[in-house]
Amino acid sequence: MSSQAVDRDTNKPLEPPSEFIVKVQDINDNPPEFLHGPYYARVPEMSNVGTSVMQVTATDADDPTYGNSARLVYSILQGQPYFSVEPQTGIIRTALPNMDREARQEYDVVIQAKDMGGHMGGLSGTTEVKITLTDVNDNPPKFPQSVYSMSVSEDKVPGEEVGRLKAKDPDLGDNGLVNYRLIDGDGLSMFELSTDSETREAVIKLKKSVDFETKRSYTLKVEGSNPHVDPQFLAWGPYKDEATIKISVEDADEPPVFVAPSYTFEVEENAPEGTLVGRVHAKDTDVANNPVRYMIPRYTDVEQFFSVNSEDGMITTTRPLDREAQAWHNISVSATEIGHHQDTKVRVNIKVKDVNDNSPEFATNNEVLMCETVAPGKVIETVSAVDKDEMAHRQHFTFSLAPEVAHNHNFSLKDNRDSTASIFVLRKGFSRLTQDVYNLPIEINDNGFPAMSSTNTLTIRVCSCDSKNTILSCNVEPYVLPAGLSTGALIAILACIVILLAIVVLFVALRRQKKEPLIVFEEEDIRENIITYDDEGGGEEDTEAFDIATLQNPDGANGFLPRKDIKPELQYPIRPGSGRPAANSVDVDDFIKTRIAEADSDPTAPPYDSIQIYGYEGRGSLAGSLSSLESVTTESDLDYDYLQSWGPRFKKLADLYGTKDCSINDGDDGEDS
């Protein structure tokens, strides 16, 4: 800073400016601070004494250049005797040997920093340090038991679990992994060991089926070891442990067991019913040794060629067998203990031995085509044979002409001694016009035991050929049309098509000639049929204005008038005596009388009155309109006495209109009197 003396009155400087330096002397007024606390540190367990854990540092805001205000000293307030701290550097180190993570894993340490060099009157600050011991492989695996007992039933199948065991290792992660293996015991061939990847348990499984009757107990020795061993702690080993497993076999009710896994028998074909094929045998392996019964499941021998004796297992035939139909029969035989439901099955293969019981025959039955100009001595065909029976070693077919053609002058046969024969031509001059087909019977012998022979006919057809012996025609339909339909079949198909077309044309012509009906039916009312037509004529005297056919019920055209108000159960044809006016007749009275008679004699009519309405009205009609019952209230001079003659169906109308007239007449007579 600077200062200067001035005259108070004149305000003029009395001396030049002077500069002063003011120095502030520091005092210890700031305590040390740990800016990054709390701290976290890790150190391996079993570390040597003095192993560095971490370094902590505190800061002090006081002047480090003046006195001891900023000179810090570190000390440990909490965490002894496990850890220590260097006073000057703040480095934390282990203070005890063999600190075991499995005994204690975490430690809370409090570190203090004090200024003034740690002397009295200094200020201090603290921080917390959490120290965790990390794991090392310092513990070997250990089985909780030295001997384990397990059991397995003899009916268990290989692969099933027998039991589990686990060695304990307090280490973590890879340090605590344990591998297991079987190292000794009489059950090494019967059992196997695997490790459960989730639970890290040793799993004992059945490797082979055990039998209570054969061996009732087994012993295994299992070893558990660490795969990752720390060389620093090898001297603490060995890092493995052993345990003994005693496995007892439990008795179970087992099905019978066949002495052989499968059976193969032979039987000759055509052997008579009851021929012995072979014997199967099963036994009860349980201690009880119950008797065994045998049977053949029908689904393995559907046609029931064989039967088995239920007590001794003898298999016999039920009928003669044919090797050519079925050379092998594969059946099953089941065995069951008496009083038990468990059974076991065994495969039985039965071979049918061949017997020479089939005659040989031509390998093919094709015709031999021969040209008319064939030269004598030419081979026209080489024939061979087949036999359904099995051919023995060195067995072959022999051929010869049948005795009846042995001396013919047309063809000869030569046996080639290789199961074939050649057919030769003996002459020339064949003509298909003279004879187009030759049948040559040939005997074939199979030379078996017993020998079988047959006579087969070789058909030789004479054909016309060109100069190069190319066949031109054999005059045989199958060769002209090797595929497709014959001429007769084609003609029959065409005739059917023509007949169908004629029927269709005739049906169309008849439909065109048929008149359309003049009556339009409205089926909205099932009680009555109202015929509507727009035609008005001159009444009964008019014979040209309308067609009486419009009044006819179309349903009566076939002689039967069905009722509209009911569904008749029986259909009765019209009586031969009942007639119907012609369609063009104008005699309405006869038409109506005919309809009345038909209605009176209708056996399907219900036992109540039914009004039939006829919509006919014309000029000059005496009857008037019958379509409305309101006419009884109108004034009319018409005479309704004729209704009495219309039959019982019109009795209601006759009584109704007749009664009115009578009442009116009686009133008039009264007034006159």
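Numbers given for residues are sequential positions, taken from 1 along each chain in its written order. In keeping with the predicted nature of the model, local features appear solely for residues at pLDDT of at least 70, side-chain atom pairs appear and are counted solely at 80 or more, and the whole-chain, interface and lining totals rest on all residues. Values shown for side chains rest on all heavy atoms present in the structure; no hydrogens or waters enter the calculation.

### A closer look at the overall build of the protein
The way it works is that DSSP assigns letters per residue, a run of H or I at least four long becomes a helix, a run of E at least two long becomes a strand, and they are numbered from the N terminus. Within the protein, the secondary structure is distributed over four helices and 34 strands. By residue count, 33% of the 673 residues in the protein fall in the buried class. The contact definition used throughout considers only heavy atoms, calling two residues in contact when any of these lie within 4.5 Å. The contacts in the protein between residues at least 6 apart in sequence include a share of 65% that link residues at least 24 apart. Accessible area for the protein stands at about 42100 Å²; split by element, carbon and sulfur atoms hold 52% of it. Categorising residues by exposure relies on relative accessible area from a 1.4 Å probe, with only protein chains included: less than 20% of the type maximum marks a residue as buried, more than 50% marks it as exposed, and the intermediate range marks it as partly exposed. Note on areas: these come from Shrake-Rupley sampling with a 1.4 Å probe, and a residue is covered only by the protein chains present in the view.

### Examining the packing of aromatic side chains
Any two rings among Phe, Tyr and Trp, with Trp reduced to its six-membered ring, count as a pair given centres within 6.5 Å; such a pair is stacked if its planes are under 30 degrees apart, edge-to-face if over 60, and tilted if neither. According to the stated counting rule, one finds 13 aromatic pairs in the structure shown. Measuring from centroid to centroid gives 6.2 Å for Phe34 and Tyr74, while their planes differ by 55°, and the two rings are tilted. Highlighted residues: Phe34 in the loop between β2 (18–19) and β3 (39–44) and Tyr74 in strand β5 (residues 73–78), separated in sequence by 40 residues. Residue classification places Tyr74 among the buried positions, given a relative accessible area of 6%. Through successive ring pairs, a cluster of aromatic residues spans Phe258, Tyr263, Phe265 and Tyr294.

### Concerning helix α3 (residues 588–600)
The end-to-end C-alpha distance of α3, which contains 13 residues, comes to 18 Å, matching closely the 18 Å that a straight helix rising 1.5 Å per residue would cover. Among the residues of α3, those classed as buried are Val588, Phe591, Thr594, Arg595, Ile596, Glu598 and Ala599. A helix is expected to reach a length of 1.5 Å times the quantity of its residues less one.

### Remarks on a nonpolar patch on the surface
The grouping of Ile493, Leu494, Ile497 and Leu501 at the surface amounts to a nonpolar patch, some 380 Å² of accessible area in total. Relative to the elements of secondary structure, Ile497 occurs in helix α2 (residues 487–513). By definition, no residue in a patch forms a salt bridge, and every one has over 30% relative accessible area; like charges are joined within 9 Å, nonpolar side chains (Val, Leu, Ile, Met, Phe, Trp, Tyr) within 5 Å. Counted as salt bridges are all cases of a side-chain nitrogen of Lys or Arg within 4 Å of a carboxyl oxygen of Asp or Glu.

### Description of the sheet that holds strand β12 (residues 179–184)
Think of a sheet as strands paired side by side through backbone hydrogen bonds, with each pair either parallel or antiparallel. Strands were regarded as paired on the criterion that DSSP finds at least two bridges between them. The strand order across the open sheet built from four strands is β10-β16-β15-β12, with neighbouring strands paired in mixed fashion. Single-partner strands in this sheet number two, and they are β10 (147–153) and β12. The sheet shows a mean angle of 30° between the axes of neighbouring strands, taken without regard to direction. Across five bridges, β12 lies against strand β15 (residues 217–225) in antiparallel orientation. Residue pairing for β15: Asp184 is matched across the bridge by Lys221. To get an axis, fit a line to the C-alpha atoms, keeping to the stretch in contact for a helix; angles then go from 0 to 180 degrees between the N-to-C directions.

### Things to note about the state of the cysteines
Each disulfide consists of a covalent bond between the sulfur atoms of two cysteine residues. Our working definition of a disulfide is a cysteine sulfur pair at a distance within 2.5 Å. One pass over the full model with this rule turns up two disulfides. One disulfide in the model links Cys371 with Cys465; its S-S distance is 2.0 Å. A torsion of -90° about the S-S bond marks the disulfide between Cys371 and Cys465 as left-handed. With Cys371 in strand β27 (residues 368–371) and Cys465 in strand β33 (residues 453–465), this residue pair connects regions lying 94 residues apart in the sequence.

### Details of the sheet that holds strand β31 (residues 420–425)
What the four strands build is an open sheet, ordered β26-β28-β31-β30; its pairing is antiparallel. Each having just a single partner strand, β26 (361–362) and β30 (411–415) make up the two edges of the open sheet. Pairing geometry for β26 and strand β28 (residues 379–386), over two bridges, is antiparallel. When the bridges of β28 are listed, Phe362 appears paired with Ala385.

### Digging into α2
In this model, α2 (27 residues) spans 40 Å end to end at C-alpha, consistent with the 39 Å of a helix rising 1.5 Å per residue. Counted residue by residue, α2 has zero buried out of 27 residues, so it is predominantly exposed.

### Re the confidence of the model for the protein
In this model, the protein carries an average pLDDT of 81, and 79% of its residues clear a pLDDT of 70 or more. Scored from 0 to 100, pLDDT reflects the predictor's confidence in each residue. Within the model, pLDDT remains below 50 along residues 477–483, and this stretch shows two contacts once partners closer than five positions in the same chain are excluded. The model gives residues 628–634 a pLDDT under 50, and that stretch makes nine contacts with residues more than four places away or in other chains.

### Re the pattern of salt bridges
Under the counting rule described, the total for this entry stands at 21 salt bridges. In this structure, Glu161 engages Arg164 in a salt bridge whose closest nitrogen and oxygen atoms are separated by 3.0 Å. We classify Glu161 as partly exposed; its relative accessible area is 43%. Notably, a salt bridge pairs Glu598 with Arg595, separated by 3.2 Å at the nearest N-O pair.

### Topic: the pairing of strand β23 (residues 314–317)
Pairing analysis gives three bridges linking strand β19 (residues 276–279) to β23, with the strands arranged antiparallel. Note on β23: the bridge partner recorded for Arg279 is Met314. Across three bridges, the pairing between strand β22 (residues 306–308) and β23 is antiparallel. For Phe306, the partnering residue across the bridge sits in β23 and is Thr317.

### Focus: the environment of Glu250
Examined against the element boundaries, Glu250 turns out to sit in strand β16 (residues 240–250). Under the relative-accessibility criterion, Glu250 is labelled partly exposed at 39%. Expressed as a C-alpha distance, the spacing of Glu250 and Ser217, which sit 33 residues apart in the sequence, is 8.9 Å. With sequence-adjacent residues up to four places away left out, Glu250 is seen in contact with Ser151, Val152, Ser153, Glu154 and Phe212.

### Focus on unusual backbone geometry
Residue Pro38 is reached from Gly37 by a cis peptide bond, and omega for that bond is -5°. Tracing the sequence through the fold places Pro38 in the loop between β2 and β3. In this model, Gln80 is joined to Pro81 through a cis peptide bond whose omega is 5°. Take Pro81: it is sitting in the loop between β5 and β6 (83–85). Even without being a glycine, Arg417 presents a positive backbone phi close to 60°.

### A short note on the pairing of strand β29 (residues 398–401)
Here β29 shows a buried face lined by Phe399 and Leu401 and an unburied face lined by Thr398 and Ser400. Sheet topology note: the β29/strand β32 (residues 437–445) ladder contains four bridges and is antiparallel. By the bridge assignment, Phe399 is partnered in β32 with Ile444.

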